[in-house]
Each structure stands twice: as structure tokens, then as C-alpha cells.
Amino acid sequence: MALRHYILDFNLSAPADYPSTVRGLQSIFQEQEMTETVHDTEGHGYLATFIGKNGRFLLLRLHSHGLVTLDLQCCEGDNTAQVDNLLNALEKKMKSLLHGNIRRVKRLPALTRGAAVDRYWPTADGRLVEYDIDRVLYDEDSAYQNIKILHSQQFGNILILNGDVNLADSDLPYTQAIMGGGKENYTGKEVLILGGGDGGNFAEAVKLKPKMITMVEISFGSLRPVDVLLQGFVMSSPWFWFWTHMRKTCGSVLDNLTGDCYQVLVEDCVPVLKKYVEEGKTFDYVINDLTAVPISTAPEEDSTWEFLRLILDLSIKVLRPTGKYFTQGNCANLTEALTLYEEQLGRLSCPVDFSKEVVCVPSYMELWVFYTIWKK
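Residues numbered from 1 in each chain as written. Predicted model: local features only at pLDDT ≥ 70, side-chain atom pairs only at ≥ 80, totals over all residues. Heavy atoms only, no water.

**Structural notes on the pattern of salt bridges**
Applying the stated criterion across every chain yields a total of 16 salt bridges. Residue Glu-366 pairs with Arg-127 through a salt bridge whose shortest N-O separation is 3.8 Å. Highlighted residues: Glu-366 in strand 20 (residues 366-375) and Arg-127 in the loop between strand 7 (120-122) and strand 8 (128-130), separated in sequence by 239 residues. Residue classification places Arg-127 among the partly exposed positions, given a relative accessible area of 37%. Here Glu-184 makes a salt bridge to Lys-324, at a shortest N to O gap of 2.9 Å. Here the residue Glu-184 occupies a position in the loop between helix 3 (172-177) and strand 13 (190-195), and Lys-324 occupies one in strand 18 (residues 319-331), the gap between them amounting to 140 residues. (Salt bridge = Lys/Arg side-chain N within 4 Å of Asp/Glu carboxyl O. Helix = DSSP H or I, 4+ residues; strand = E, 2+ residues; numbered from the N terminus. Buried < 20%, exposed > 50% of the residue type's maximum accessible area, 1.4 Å probe, protein only.)

Right, dumping it as C-alpha cells:
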């Protein structure tokens, strides 16, 4: 059973008087039949816990620097009206007891912990967002990552990979930005897409009448989704989930891995790029939809940075002289990580220049940076 966690904070102009404040709240705790336990804080304010009926648990802390915090936990099935009444009574009493000393009162909506449907996901810069997610459509581990598809009332179906919000039905702005922001003419052009297994930019590019699109995605299974749908069973490929649940993003373009103006290679993009470099094959546009820029240079991120540098160098080598390379950066707030990425652009085997665009991607709930890179 899930747990609801309520938070009520009081920022004070001066530290509260512990004994009188606690005495003033006792009538509420007694009415709620809550048993008090006082804990030794070794001189760091006052701390007590209260356990009541229906499994309610309340933590009261009066900090020595002038902050009072109340945390109330109750079971999901607890009477919401009764819990609200308890919080209202505590807030009213605290305002009466600390009248003239309160600078700010903050009461947050309840956090639901341990629910069957997880509604909380972090932004790239570490802020917590509560989504209006009402059901889980898919949740499995592939050979490469954990894959979730959750349904949001605002954003439609949301793809989450390894705990990161990746793409939602609502996120056409992402797709448009990573293809050049609507400023490019794809007609008659040759396009290389690296990754992008969601099919979003692939589906949009096909509409723009290119000469040929080559998409390289390692995660696809060996069967076409249409084959599986006709046979009436679930394909073992980790990408079947996407074709089933996120047709608003990819449409039907991935029902066949080859078409009049496209081909999908189910391969690792690195050897493919190396092969193209050796053959002298070039493209008008290269779209890198593999991974975002790492958020730090910590040791655990080293391999990702090396991978990004390798992809960058190989991709620039297969660009035509007038070609362009498109990729995502990361959250606009992560200025240090974005600066590190831009420094990498100065270390490639071929000199390049770049521009960037900041776009609001709906389901991300944060501004996102996209790069356009070209040979000097």
C-alpha cells in the first residue's frame, strides 16, 4: 500500500520557544490519540515523533536556527478529509502560538510514495517534477536499458529510459529542433540518423521528401513490427513496445525497415560510421539522437564523453562540405556541461563552427539546448 507524505514548514524571524510551542500543540495530539516520543538532538533543537491511529506518523522538529518542520505520513487509504483537518488544526495553532514571529508558511501537496504508478521524475538539473501519470503501459529491461512507457493526461504516452524522461507524444518541438528547427530543406538530400529508435525524427524526415535516409539503431529486433502484428504475438525485440504504444510519434514508418527513400540498419553506429569514412560516403545531414551531453566530468562519465567525441569526429568526417550535423545538448541550466561539450568541438580532427537553439520540450518541463555544427 502506498504512503502519503505531507509537509508543513514555518520559517521564523527568531528561534521558537520549544517548551511553550510543544505544550500549545499537545491538545491536538491528544485529540488525535497520538503517542509522543521525544528524541535527544544533542543540543540541536527539539525533535519528537507522534504515532496515532490508522498508522499515522508525525515528526515535529523545532530547529535552533528558526525553522519549524512538520512531516505527516499516513496510509493511502486513510481518510483524506480527516488528515486535512489535522493539518489545518496544526497550521492554525502554530500561527496562533508563533504570531508575529512567522516570516513564511509553506504547505506542500502530499507526496505519494510507493504507489503502483510512479508520478515523480527528476529534471536533468536535479529538480523533482510530479507528472499527471495515471497508468503504466510498459516496464521492462532490455539488453541496453530499462524501458518504461507511462501515460500522462497532458503529454500522452511518455518514454522513460533508465529513469530519464526521453520523449512523449507531445514533444514535436524536440523532433523539430534536432532536425534544424524548420530552417533546412531536406528535399533531395541524403540524411544519416544515428540512434533515434523512437522514430520521431525519422518519421518527420520521410515527410520532407529526401533522396535517402539511413537510420542506424542497434536496439531494434530482427523482425518488422508489421510481421508481429499480423502474427498476433509480442515480439522479443525491446523496441516492439514503442511501435505499439507510441504510434503518435513514429507513425507507421517503422513498419518496414526499408522504403523508397529510407533504410534502417540494425547495427552499432560506430563501425558503420568508420566504414562510411573508409568508403568516402558522405551526407548532407547527420542527426545524432543517441544521447545527451553528460552533466559532469566525473570518472563514471568518462566513457560517455569518449563516445561523444568519437561520434562527433566520425560524423564530421562523413559530412559534405556544406553539410550540417544536428544533436541535442542538455538542459539549458547545465551551463558547465554545455561549455565542456563546446570545448570538445574545438578538438576535432576537422575545424568546425556551431550555433545553438534553446527549445521548450513540453514533457521535459525545462528548456533544452540543441546544436547545429558544420565544417569551417
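**Notes on the layout of surface pockets**
In this model, the largest pocket occupies a volume close to 1200 Å³. Along the walls of the largest pocket sit 41 residues, with Gln-145, Asn-166, Leu-290, Thr-291 and Ala-292 positioned nearest its centre. Sorting the residues of the lining of the largest pocket by element identifies strand 12 (164-168), helix 9 (302-317), strand 18 and strand 20 as the ones contributing at least two each. Looking at side-chain class alone, the lining of the largest pocket contains 20 nonpolar, 13 polar and 8 charged residues. Of the voids in this model, the second largest pocket is the one considered here, and its volume is about 150 Å³. If you trace the second largest pocket, you find it lined by Leu-172, Gln-176, Met-179, Gly-181, Gly-182, Glu-184, Tyr-186, Glu-204 and Leu-208. Class assignment of the residues belonging to the lining of the second largest pocket gives a composition of 4 nonpolar, 3 polar and 2 charged. (1 Å grid on protein atoms, 1.4 Å probe; cavity = no way out; pocket = protein on both sides within 12 Å on 5 of 7 lines; lining within 4 Å. Points joined across faces, edges and corners; volume = space filled by probe spheres on them. Nonpolar A, V, L, I, M, F, W, Y, C, P; charged D, E, K, R; others polar.)

**Details of the sheet that holds strand 20**
One open sheet accounts for 8 strands, arranged 15-16-14-13-17-18-20-19; its pairing is mixed. If you trace the sheet from one side to the other, it starts and ends with strand 15 (258-259) and strand 19 (352-361), each paired once. Direction of pairing for strand 19 relative to strand 20: antiparallel, over a ladder of 10 bridges. From the neighbouring strand, Val-358 faces strand 20, where its bridge partner is Val-369. The sheet contacts of helix 10 (residues 335-345) involve strand 18, strand 19 and strand 20, and relative to strand 20 the element is tilted by about 5°. (Pairing = 2+ DSSP bridges. Contact = heavy atoms within 4.5 Å. Axes fitted to C-alpha atoms, helices over the stretch in contact; angles between N-to-C directions.)

**A closer look at the environment of Val-270**
Topologically, Val-270 is positioned in helix 8 (residues 269-279). Between the C-alpha atom of Val-270 and that of Phe-307, which follows or precedes it by 37 residues, the distance is 9.2 Å. Not counting residues up to four positions away in its chain, the partners in contact with Val-270 are Phe-307, Leu-310, Ile-311 and Leu-314.

**A short note on the nonpolar core**
One finds Leu-192, Phe-202, Tyr-325, Tyr-341 and Ile-373 to be the most contacted residues of the largest nonpolar core, which totals 71 residues. Per element, the largest residue contribution to this core is 6 residues, and it comes from helix 9. Every residue in contact with Tyr-341, bar those within four places of it in the chain, is listed here: Val-293, Trp-305, Leu-312, Tyr-325, Thr-327, Tyr-371 and Ile-373. By size, the runner-up hydrophobic cluster in this structure holds 27 residues, among which are Phe-10, Ile-28, Met-94 and Leu-98. (Core = buried A, V, L, I, M, F, W, Y, C linked by side-chain atoms within 4.5 Å.)

**Re the environment of Gly-156**
Residue position: Gly-156 is located in strand 11 (residues 156-161). By relative accessible area, Gly-156 is classed as buried at 14%. Between the C-alpha atom of Gly-156 and that of Asn-333, which follows or precedes it by 177 residues, the distance is 26 Å. Other than its neighbours up to four places away in sequence, Gly-156 contacts Leu-150, His-151 and Asp-169.

**Details of the sheet that holds strand 6 (residues 102-113)**
With respect to topology, 6 strands assemble into an open sheet ordered 2-3-4-5-1-6, the strand pairing being antiparallel. Whereas interior strands pair on both sides, the edge strands pair on one side only; in this sheet they are strand 2 (35-39) and strand 6. Strand after strand, the sheet turns through a mean of 15° between neighbouring axes, direction not considered. The pairing of strand 3 (residues 46-51) with strand 4 (residues 57-62) spans 6 bridges and is antiparallel. Paired with Phe-50 across the strands is Leu-58, a residue of strand 4. Against the sheet, helix 1 (residues 18-31) engages strand 2, strand 3 and strand 4, with an angle of about 160° to strand 4.

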